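Understanding the architecture of this molecule
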Amino acid sequence: MAQERRGEWGSRLGFILAAAGSAVGLGNVWKFPYITGENGGGLFVIIYLICIAFVGLPIMIGEVMLGRMTQRAPVGAFTKLAGETSPWRGVGWIGVAAGFVILSYYSVVAGWALDYTLIAARGEMSSGDPAAMAERFGEVAGDGLGATLWHVAFMGLSVAIVIGGVQKGVEIAARVLMPLLFAMFVALLIYATRLEGFSRGFEFVFGFHTDKLGPGSVLEALGHSFFTLSVGMGAMLTYGSYLKRDDDIVGASVAIALLDTAVALLACLVLFPITFTYGMEPAAGPSLVFTNIPMAFAQLPGSTIWAVTFFLLLVFAALTSAISLLEVTASYFIDERGWSRSVAVPVCGAAIVLLGIPSALTASSETFGAGMEASFIGMSWFDLFDYVSSNWMLPLCGLGISVFAAWRLGDPERRAQFEAGSKLGRIAGLYLTWLGVLRWLVPVGIGLIMLHALGVFG
Ligand code: PFF
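In what follows, the accompanying structure is described. Here the structure is a predicted model, which means the values were calculated and not measured. (Residues numbered from 1 in each chain as written. Predicted model: local features only at pLDDT ≥ 70, side-chain atom pairs only at ≥ 80, totals over all residues. Heavy atoms only, no water.)

Here the focus is the pattern of salt bridges. Under the counting rule described, the total for this entry stands at five salt bridges. For the salt bridge of E327 with R341, the shortest nitrogen-to-oxygen distance reads 2.9 Å. Separated by 14 residues along the polypeptide, E327 in helix α15 (residues 303-336) and R341 in helix α16 (residues 341-361) bring together distant segments of the chain. With respect to burial, E327 and R341 carry one shared label: buried. One salt bridge in this structure joins R414 and D411, with 3.4 Å as the shortest N-O distance. (Salt bridge = Lys/Arg side-chain N within 4 Å of Asp/Glu carboxyl O. Helix = DSSP H or I, 4+ residues; strand = E, 2+ residues; numbered from the N terminus. Buried < 20%, exposed > 50% of the residue type's maximum accessible area, 1.4 Å probe, protein only.)

Here it is as structure tokens:
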């Protein structure tokens, strides 16, 4: 029977850790700090928190709900709810396609982090010279063959976990890796609080600065709230499909969003004190973690341990996200095509490896240092995949999921789903507030992201 073949979480905590593992990733440790730096910190962080609470979280609740109701991955979920020939199935398809595209370049960045972990472990990161560090990054990201091999290695790790199944693969990995990740962060935070630049870093993240803020910053915060929570492509829907019928969706979604936000803020509280202590530039852009951080560690006693800890943390964060992306694509073939997990996972993994090779070979010259070529409409494959998935696929699929959950599902079933097993979900007025936000605010927010992507705001 389909249900038995699909698998189920061992416990509610297992689901929360796995979903938080999906949410906490390169988006938190690599991307959030650098966009915060570029947008001047402070107010940008507050706008981001508002986007998480009023856009990301409501979509997450709707998405997990569709998964749990149907016990299917995205395409199957829409087929079950809207019918075999319904255009709504296209929303599920965009999700599966987004999983392929995102993982193909995500794995390339994770591969660099793997490479850096070993470079750090060999003690080769001890030069405190910025030019040497920038050159080192150029070597890692610019060496197409090396980057491809690390990308293959990272995908191999992801396949090895996902092939184990929901409980024995994904859940166990989350139970082991997530606590380790938190422990490493706490260690790094303790270290950061003792730096002389801590108060400046803290003020940068939480102070009220508006100088670098523009309309584009708001849209950047909004777009990032999708990516960081892993909503808008069916990952949360797929993870929700392994929940039991009386599991608390609202409470779990709030916990996941809080954990994700905590890690993003922790990452800033580790990175910016380091950046200020060593007189570096907070708006260093995407290379922030790959150049500034190793350089700062190089100036410390015990630099090897700190650097290995940091890059291992980046790898763990990426791994628990990558497995959710792989799970979305593999579960399509498992649910809809009847493939066994042991065939679907390696086949999807191999397809993603191939799709990622152009990104490994052509990471953008503008984004990642000199010497790498653009290959398509003036963008590298890496940038193109990131642009298409973050600006189009996630918002489109997120729009479909929220419109479907808010307008097509009917009450009292939707209300029962919201309240099932949830004390929080039964708080007076919460259900109607969520529904109102999902019906009106979320589509407007997503519409703005798309108009921004079309260049309407200049
Ligand atoms: N949330 C992940 C991060 O912040 O790195 C990225 C991600 C994972 C996006 C899974 C989408 C997804 F389905």
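The structure having been displayed, the exposition proceeds.
Counting 163 residues, the largest nonpolar core has F15, W112 and F290 as the members making the most contacts within it. Sort the elements by how many residues they give to this core and α15 lands first, with 19 residues. The residues touching F290, leaving out its near neighbours within four places in the chain, are W30, V109, W112, A113, Y116, F137, F311 and L314. (Core = buried A, V, L, I, M, F, W, Y, C linked by side-chain atoms within 4.5 Å. Contact = heavy atoms within 4.5 Å.)

Here helix α6 (residues 89-121) is 33 residues long and its end C-alpha atoms lie 47 Å apart, about the 48 Å a rise of 1.5 Å per residue gives. With respect to burial, α6 is a largely interior element, 26 of its 33 residues being buried. Positioned one or two residues after α6, G123 has a phi angle of 75 degrees, which is positive. (Expected span 1.5 Å × (residues − 1).)

Attention shifts here to the packing of aromatic side chains. Each aromatic ring pair is characterised by the separation of its centres together with the angle its planes make. Evaluation of the coordinates by the stated rule reveals 32 aromatic pairs. Measuring from ring centre to ring centre gives 5.9 Å for W9 and Y242, while their planes differ by 80 degrees; the resulting arrangement is edge-to-face. Residue W9 is located in the loop between α1 (2-6) and α2 (12-23), and its partner Y242 is located in the loop between α12 (235-240) and α13 (249-277); the two are separated by 233 residues in the primary sequence. The exposure class of W9 is buried, given its relative accessible area of 3%. Three or more aromatic residues joined by ring pairs form one cluster here, namely Y105, W112, Y116, F137, F290, F310, F311 and F382. Above the face of the W407 ring, R439 is positioned so that its terminal group lies 4.4 Å from the ring centre. (Phe/Tyr/Trp six-rings, centres within 6.5 Å; stacked < 30°, edge-to-face > 60°. Lys NZ or Arg CZ within 6 Å of the ring centre and 35° of its normal.)

Another point: the site of the ligand. Near the ligand there are 15 residues, and of these G27, Y106, F227, S230 and M233 occur at the shortest range. Separating a nitrogen atom of the ligand from a backbone N or O atom of S22 is a distance of 3.2 Å. Between a nitrogen atom of the ligand and a main-chain N or O atom of T228, the distance comes to 3.1 Å. Isolated, the ligand exposes 340 Å² of accessible area, and the fraction of that covered by the protein chains is 100%. A class-by-class count of the residues in the shell around the ligand yields seven nonpolar, eight polar and no charged. (Near = heavy atom within 4 Å. Polar contact = N/O pair within 3.5 Å; in protein donor to acceptor, adjacent residues only side chain to side chain. Areas by Shrake-Rupley, 256 points an atom, 1.4 Å probe, with all protein chains shown as cover. Nonpolar A, V, L, I, M, F, W, Y, C, P; charged D, E, K, R; others polar.)

This paragraph deals with the environment of S324. Following the sequence through the fold, S324 ends up in helix α15. By relative accessible area, S324 is classed as buried at 2%. Here the alpha-carbon distance between S324 and A18, two residues 306 residues apart in the chain, equals 8.2 Å. With near-sequence residues (within four places) excluded, S324 lies in contact with S22, A235 and Y239. Within the local environment of S324, its side chain forms a polar contact with the backbone oxygen of S321, the two atoms lying 2.7 Å apart.

Moving on to the state of the cysteines. Under the definition given, this model contains zero disulfides. A disulfide-free cysteine, C268 has its sulfur positioned 15 Å from the sulfur of C51, the nearest such atom. Left unpaired, C348 is separated from the closest cysteine sulfur, that of C397, by 17 Å. (Disulfide = S-S within 2.5 Å.)

In this section: the packing of helix α4 (residues 43-70) against helix α11 (residues 215-229). Between α4 and α11, the shortest axis-to-axis distance is 8 Å and the interhelical angle comes to 45 degrees. Relative to α11, the element α4 is oriented oblique. Regarding α4 and α11, the two cross each other, and that crossing is right-handed. Contacts from F44, I47, Y48, C51, I52, V55, G56, L57, I59 and M60 of α4 reach α11 at S217, V218, A221, L222, H224, S225, F226, T228 and L229. (Axes fitted to C-alpha atoms, helices over the stretch in contact; angles between N-to-C directions. Parallel < 35°, antiparallel > 145°, perpendicular 65-115°, else oblique. Left-handed = near helix turned anticlockwise from the far one by under 90°.)

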